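Each chain, written out:
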Amino acid sequence: MSRWKGLPETLDHRVRQLVVQLRRLKDHSGLSLASLAAKTAYSKSSWERYLNGKKLPPREAVEALARVCGADATRLLVLHEVAAQAWGAERAGQPRAPEATEGVEAAAPAEDAPATPAPAPATSVAPAPVAVPGRSWPRGAPLALIGGLVVAAVAAVVLLAVRPWQDDGGGGRGTGTASAGRTTAATPAFSHRVGETFRCHVRRTAGGLTADRSRSTTAILSGGVTGWEVVEAQCLLNHRGYDPGPVDGIVGEHTMRAVKRLQAAAGLPTDGVVGPDTWKVLRR
């Protein structure tokens, strides 16, 4: 398998996902960049830029790569369409969309300890009027008082539901290490930070082993990929005795070597890429 350079950290995750899949297709085909240039209408330097995240490949280049590698272009073209929107938005100065996880069920959160929801702002309530003999209150005063009481009651219900004073078992980021534990539905998008690592707490559930970082059983994790699925895989590798190096959420050389050792022990192809078959071994 080719030794690829790490993709730029500023690369949008949707573009990154497309590039990773194109790299994987090229590696499995065994073709070199020179061979791709000879078999397609795009030069060797163009393929180098496309496959290193320096330039978004045109739709025709994606179709050409799929054709010469004997692969179905349908899924790649869907990824390209999404990546093209992200690429155009980034160059137009629009903010990047929150990162989504590849191959993970939409309802399954990527398990990092979420920030505690902020309590509802306190609502000031108008004091109740004091009866003064011989004085009449404006006609709208009772309605304003009732409205204020209703707002206060709603705020109290929200506070009881959120319970910001309780510890939810999660840990914030910023100390260099995040804690693994219970999670809630509100999960922040993954962003790789240099030097940051994550603690692992692996447990067995009805569906198999989990570190409560991701529920994925299908995500494709190859060199340079980042995300909560990577943290999950690194924790499970560590649990099974295959040292992936720092549990930092990025697939590097240490992680790929640990995956290859696991695959060799399980009788799987030793390509260092976590796919559905490798997930089965990790979670059983």
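Quick summary incoming for the structure in this document. (Residues numbered from 1 in each chain as written. Predicted model: local features only at pLDDT ≥ 70, side-chain atom pairs only at ≥ 80, totals over all residues. Heavy atoms only, no water.)

Details of the state of the cysteines
By the definition in use, this model includes one disulfide. The residue that forms a disulfide with Cys200 is Cys235, at a sulfur-sulfur distance of 2.0 Å. An S-S torsion of about -75 degrees defines the bridge between Cys200 and Cys235 as left-handed. Note that Cys200 is positioned in the loop between strand 2 (197-198) and strand 3 (203-205) and Cys235 in helix 7 (residues 228-239), a separation of 35 residues in sequence. Judged by relative accessible area, Cys200 falls into the partly exposed class, the value being 35%. Residue Cys235 is classed as buried on the basis of its relative accessible area of 1%. (Disulfide = S-S within 2.5 Å. Helix = DSSP H or I, 4+ residues; strand = E, 2+ residues; numbered from the N terminus. Buried < 20%, exposed > 50% of the residue type's maximum accessible area, 1.4 Å probe, protein only.)

Notes on empty space enclosed by the protein
This structure, assessed with the given rule, holds one cavity of 30 Å³ or more. Together, Leu221, Val230, Ala233, Leu237, Val251, Thr255, Met256, Val259, Gly272 and Val274 line the largest cavity. Those elements that provide at least two residues to the lining of the largest cavity are helix 7 and helix 8 (253-266). Residues belonging to the lining of the largest cavity are distributed by class as follows: eight nonpolar, two polar and no charged. (1 Å grid on protein atoms, 1.4 Å probe; cavity = no way out; pocket = protein on both sides within 12 Å on 5 of 7 lines; lining within 4 Å. Points joined across faces, edges and corners; volume = space filled by probe spheres on them. Nonpolar A, V, L, I, M, F, W, Y, C, P; charged D, E, K, R; others polar.)

Notes on the packing of aromatic side chains
Within this structure, the stated rule accounts for six aromatic pairs. Aromatic pair Phe190 and Phe198: ring centres 6.2 Å apart, planes at 40 degrees, arrangement tilted. A single burial state applies to Phe190 and to Phe198, both of which are buried. A ring pair is formed by Phe190 and Trp228, whose centres lie 4.7 Å apart and whose planes are at 85 degrees; its orientation type is edge-to-face. On the criterion of sequence distance, the pair formed by Phe190 in the loop between strand 1 (177-178) and strand 2 and Trp228 in helix 7 is long-range, its members being 38 residues apart. (Phe/Tyr/Trp six-rings, centres within 6.5 Å; stacked < 30°, edge-to-face > 60°.)

Observations concerning the packing of helix 7 against helix 9 (residues 276-283)
Viewed as axis vectors pointing N to C, helix 7 and helix 9 meet at an angle of 50 degrees, and their least axial separation amounts to 9 Å. The angle between the axes of helix 7 and helix 9 places the two elements in the oblique class. Two packed elements cross with a definite hand, and for helix 7 against helix 9 that hand is left-handed. On helix 9, the residues that touch Glu229, Glu232, Ala233, Leu236 and Leu237 of helix 7 are Trp279, Leu282 and Arg283. A class-by-class count of the residues in the contact of helix 7 with helix 9 yields five nonpolar, no polar and three charged. (Axes fitted to C-alpha atoms, helices over the stretch in contact; angles between N-to-C directions. Parallel < 35°, antiparallel > 145°, perpendicular 65-115°, else oblique. Left-handed = near helix turned anticlockwise from the far one by under 90°. Contact = heavy atoms within 4.5 Å.)

Some words on unusual backbone geometry
Trans is the common state for peptide bonds, and a negative phi is the common state for residues other than glycine. In this model, Asp212 sits at a positive phi of 60 degrees, which is unusual for a non-glycine residue. Inspection of the secondary structure assignment puts Asp212 in the loop between strand 4 (208-210) and helix 7. A relative accessible area of 10% places Asp212 in the buried class.

Considering the side chain of Thr40
Tracing the chain through its elements places Thr40 in the loop between helix 2 (33-39) and helix 3 (44-51). A distance of 3.0 Å separates the side chain of Thr40 from the side chain of Trp47, its partner in a polar contact. When sequence neighbours within four positions are dropped, the list of residues in contact with Thr40 reads Trp47, Ala64 and Val68. (Polar contact = N/O pair within 3.5 Å; in protein donor to acceptor, adjacent residues only side chain to side chain.)

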